[in-house]
Amino acid sequence: MDTGALVCRELAEACELGEAISQRGLAARLGISLGKTNQLVRQEIARGHAAADPLRLTAAGRDHLDQYRVDNAIVLAAGFGSRFVPLTYETPKGLLKVHGEPMLERQLRQLREVGISEIILVVGYMKERFEYLVDKFGVQLVFNPQYARRNNLASLYVAREYLASSYVLVADNWMEHNMFHRWEPDSWLSGLYFEGPTSEWVVGFGPRGVIKSLTVGGRDAWAIVGPAHFTRQFSAAFRPLLEQAYAAPGTEDWYWEHVLKANLDKLAVRLKRMGTHGVREFESLAELREFDHSYRDQADSAIMRQIAAALGVPQNRIRDLEPLKHGLTNASFRFSAEGAADPYAADAAGAADAAHAADAAHPADAAHAAHAADAAGAAQYVYRIPQEGANQWIDRLNERAVYNAIEPLGLSDRVVWFDPASGHRITGFFAGARELDPHNPGDLAAAIAALKTVHGSGLAAGAERDLLAEIDRLQALCESRDAIRFADYGQVADLVRRLAQPPADRPAAPAPTHGDFTASNVLVLADGSIRIIDWELAGLGDPLADLASFAVAAGFDLDRVHRLAELYLGRAPDQSERRRLYRWIALTAVVNTLWAEYRQAMGEELGEYPLTMYRQAKDYGRLALQNPLPDADRPASDNA
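Small disclaimer: the values here were computed from a predicted structure and weren't measured.

A. Fine view of the sheet that holds strand β19 (residues 434-435). Reading across from one edge, β19-β21-β22 is the order of the 3 strands in this open sheet, with antiparallel pairing throughout. Of all strands in the sheet, those with a lone pairing partner are β19 and β22 (530-532), marking the two edges. Both β19 and strand β21 (residues 522-524) contribute to a ladder of 2 bridges, which runs antiparallel. Across the sheet, residue R434 finds its bridge partner in β21, namely V524. Lying on the sheet, helix α17 (residues 441-455) is in contact with β19, β21 and β22; it crosses β22 at an angle near 60°.

Written out as structure tokens, the structure is:
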């Protein structure tokens with residue numbers, strides 16, 4: 001490293017501020033001893049880069065310094081920020097305010113203050129929310145099309161042509177003091193010291209701070225937090241390594257630091273050790289609340305305000321927020337609300353009674369029953385947010401009516417608050433529950449028994465489901481985005497019309513059906529009981545349609561489809577029942593195909609899912625119309 005250039009930089013910056021600087025003041029700014037500073041000053045005076053009395057930079061010193069001028073900054077802002085739900089459903093994490101100023105804006109302002117005018121902002125999630133920064137700070141937007149599928153390696157990859165003498169930073173860091181400069185003579189990563197355990201990138205380094213090793217996680221160690229700087233030489237060496245890593249299989253989850261870790265023998269970079277409060281990287285809303293107390297009482301979030309109003313609690317009682325997996329139609333997160341009414345209080349009381357009874361009759365079972373009571377009594381909730389386009393497909397008023405109708409059965413999740421206009425809702429969360437395993441015979445038998453209870457209840461649960469009307473709505477959504485990419489979809493659409501005609505052997509009276517009966521919508525509670533959740537597609541219809549939904553989602557072959565029907569019916573399905581089942585599998589697969597195509601047109605990548613759905617739609621549609629039907633015990637591959 002050219003340590004003399006650091007002396008020149010401090011002198012240049014002092015001159016720009018109109019400040020005189022002593023060697024003692026210079027030592028304080030460089031963070032080194034006065035003796036070492038005096039040695040460096042004498043060196044730069046001998047080189048003609050500085051002059052004494054007063055201490056100042058010469059023209060030769062500025063010429064020397066200008067070879068280290070920073071060319072630009074690359075800011076990575078494409079990610080979702082899942083640990084900050086629900087705030088990041090409304091605002092990208094980098095635009096969340098800390099002490100009244102968006103974190104990203106603070107960094108952009110700091111960069112501009114030191115003269116960094118070329119700023120490349122890599123965007124993805126909610127990309128439109130960043131456009132105003134083009135006018136406010138003169139940034140250049142670069143879109144990362146892989147933002148939802150790959151980690152930030154992909155974001156730096158799409159901006160790789162800009163790598164020169166570059167700051168590389170993420171949008172959601174907060175720097176207390178401006179740590180940027182117009183000139184940077186070496187490559188570095190900023191770091192903080194962590195007492196105790198940390199999940200950050202832990203650094204091993206030599207006596208001059210040169211990084212020798214990188215590992216994810218450690219304790220009582222220095223770890224990478226905050227910006228980095230690449231020199232032009234470093235960027236030239238790093239860029240091809242970045243390109244190789246991006247093209248390699250298995251790097252979808254890589255951060256750009258993985259490239260550095262794999263190539264430390266080729267890339268020289270040092271650790272820039274920051275003070276305790278130099279850089280902050282907030283890992284969760286709870287951490288942000290501790291630092292900026294305004295978030296304790298009033299987060300800038302319509303969803304948080306809605307939760308508080310719906311449950312009758314202040315926002316500071318809403319805690320333990322955690323995203324749940326994204327479904328095809330919804331995003332959701334769980335949370336707890338201290339002081340709010342427990343949505344499953346009655347169930348908890350029943351479980352507690354069971355615990356007491358178990359204690360008296362079978363002491364060995366008491367602990368399990370007590371655990372079930374505790375899990376049921378936890379005041380936890382799920383907030384559901386529909387994906388864009390879902391409300392144009394799904395009737396939310398019907399969904400609410402279904403929940404009202406089936407609640408007495410005690411087999412569903414419980415609605416606490418519901419807004420049919422937006423489709424947002426709050427339901428109780430089943431603590432300690434697990435998702436049903438479709439390949440576990442015990443799980444499957446219990447789920448089918450619960451489903452038969454619903455089907456046989458005689459409840460007027462919503463309107464009769466019209467799959468053809470749903471398919472028409474989904475086709476219109478897809479056409480609005482030019483989303484359907486299958487060359488022969490016209491033939492499949494004709495097949496759908498034939499399948500959608502009410503069959504002569506349909507049930508005499510429709511039964512209440514779930515509409516999306518899949519393993520992910522069936523929970524096994526801690527006490528072994530079954531709950532069926534997410535009734536957004538429910539309505540009156542053919543019970544075999546629910547078996548079709550399950551078979552499609554589970555990827556059952558034809559033999560497993562028949563065995564599922566046999567489990568439900570208590571006997572082998574007859575030809576009429578098999579034909580109805582094939583018909584519903586085909587129609588369900590068409591619905592799934594269209595929605596998947598629409599979501600992909602909206603920027604999601606669903607991999608093989610739409611191909612799998614489309615193939616099932618074609619194979620089972622043709623099978624349903626085949627006359628006579630093939631033998632029931634032949635595998636799907638023989639019938640396709």
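B. Structural context of the pattern of salt bridges. For the structure shown, the criterion picks out 40 salt bridges. Salt-bridge contacts for E161 lead to R160; the nearest nitrogen and oxygen are separated by 3.9 Å. Judged by relative accessible area, which is 59%, E161 ranks as exposed. Relative accessible area serves as the criterion here: at 18%, R160 is assigned to the buried category. Two residues, R334 and E322, come together in a salt bridge whose shortest N-O distance is 3.8 Å.

C. Focus on the packing of helix α22 (residues 575-601) against helix α23 (residues 609-625). Interhelical geometry of α22 versus α23 gives an angle of 155° and a closest axis separation of 7 Å. One way to sum up the angle between α22 and α23 is to call them roughly antiparallel. Read as a crossing pair, α22 and α23 show a hand that is left-handed. Touching R579, Y582, R583, I585, A586, A589, V590, N592, T593, A596, E597 and Q600 of α22 are Y609, P610, M613, Y614, Q616, A617, Y620, G621, L623, A624 and L625, all from α23. Broken down by class, the residue content of the contact of α22 with α23 amounts to 15 nonpolar, 5 polar and 3 charged.

D. Summary view of the confidence of the model for the protein chain. Considering every residue of the protein chain, the mean pLDDT works out to 89; 92% of them sit at 70 or more. In this model residues 354-378 is a low-confidence stretch, pLDDT under 50, and it forms 29 contacts with partners more than four residues away in sequence or in other chains.

E. Geometry of the pairing of strand β11 (residues 211-230). Bridge count between strand β8 (residues 166-170) and β11: 3 bridges; the pairing is antiparallel. Of the residues in β11, the one forming a bridge with S166 is F230. Pairing of strand β10 (residues 188-205) with β11 involves 14 bridges; the strand directions are antiparallel. In the strand pairing of β11, F194 is matched with A221.

F. Fine view of helix α1 (residues 3-16). Compared with the 20 Å implied by 1.5 Å per residue over 14 residues, the 20 Å span of α1 between its first and last C-alpha is a close match. Across the 14 residues that make up α1, a large majority, 11, are buried. Within α1 the residues assigned to the buried category are G4, A5, L6, V7, C8, R9, E10, L11, A12, E13 and A14. Where α1 is buried, its residues meet α2 (23-30), α3 (34-46), β1 (50-51), β2 (56-57) and α4 (59-66). N-capping of α1 is provided by D2, with a side-chain oxygen placed 3.3 Å from the backbone N of G4.

Rules of the game
Once a new chain begins, its residue numbering starts again from 1 and follows that chain's sequence as written. The predicted nature of this model means local features are confined to residues of pLDDT at least 70 and side-chain atom pairs, given and counted, to a pLDDT of 80 or more, with totals for whole chains, interfaces and linings taken over all residues. Neither water nor hydrogens contribute to the side-chain values; these are computed over all heavy atoms in the structure. Any two strands are treated as partners once DSSP identifies two or more bridges connecting them. By definition, any uninterrupted DSSP run of H or I lasting at least four residues is a helix, any uninterrupted run of E lasting at least two residues is a strand, and each is numbered from the N terminus. Contacts are assigned to residue pairs that have any heavy atoms within 4.5 Å of one another. Every angle, taken between N-to-C directions, lies between 0 and 180 degrees, and every axis is a line fitted to C-alpha atoms, over only the stretch in contact when it is a helix. Any Lys or Arg side-chain nitrogen located within 4 Å of an Asp or Glu carboxyl oxygen qualifies as a salt bridge. Type-normalised accessible area, obtained with a 1.4 Å probe on protein chains alone, sets the label of each residue: buried when under 20%, exposed when over 50%, and partly exposed for intermediate values. For classification, angles of less than 35 degrees are called roughly parallel, those exceeding 145 degrees roughly antiparallel, those between 65 and 115 degrees roughly perpendicular, and all remaining angles oblique. Crossing handedness is defined as follows: a turn of the near helix away from the far one that is anticlockwise and smaller than a right angle gives a left-handed crossing, while the clockwise case is right-handed. The classification used treats Ala, Val, Leu, Ile, Met, Phe, Trp, Tyr, Cys and Pro as nonpolar, Asp, Glu, Lys and Arg as charged, and all other residues, Gly among them, as polar. A residue's pLDDT is the predictor's confidence in that residue, given on a scale from 0 to 100. Helix span is expected to be 1.5 Å times the residue number reduced by one. Polar contacts, as counted here, are pairs of nitrogen or oxygen atoms within 3.5 Å of one another; within protein the pair requires one atom able to donate a hydrogen and one able to accept it, and residues that are adjacent in sequence qualify only if both atoms are side-chain atoms.

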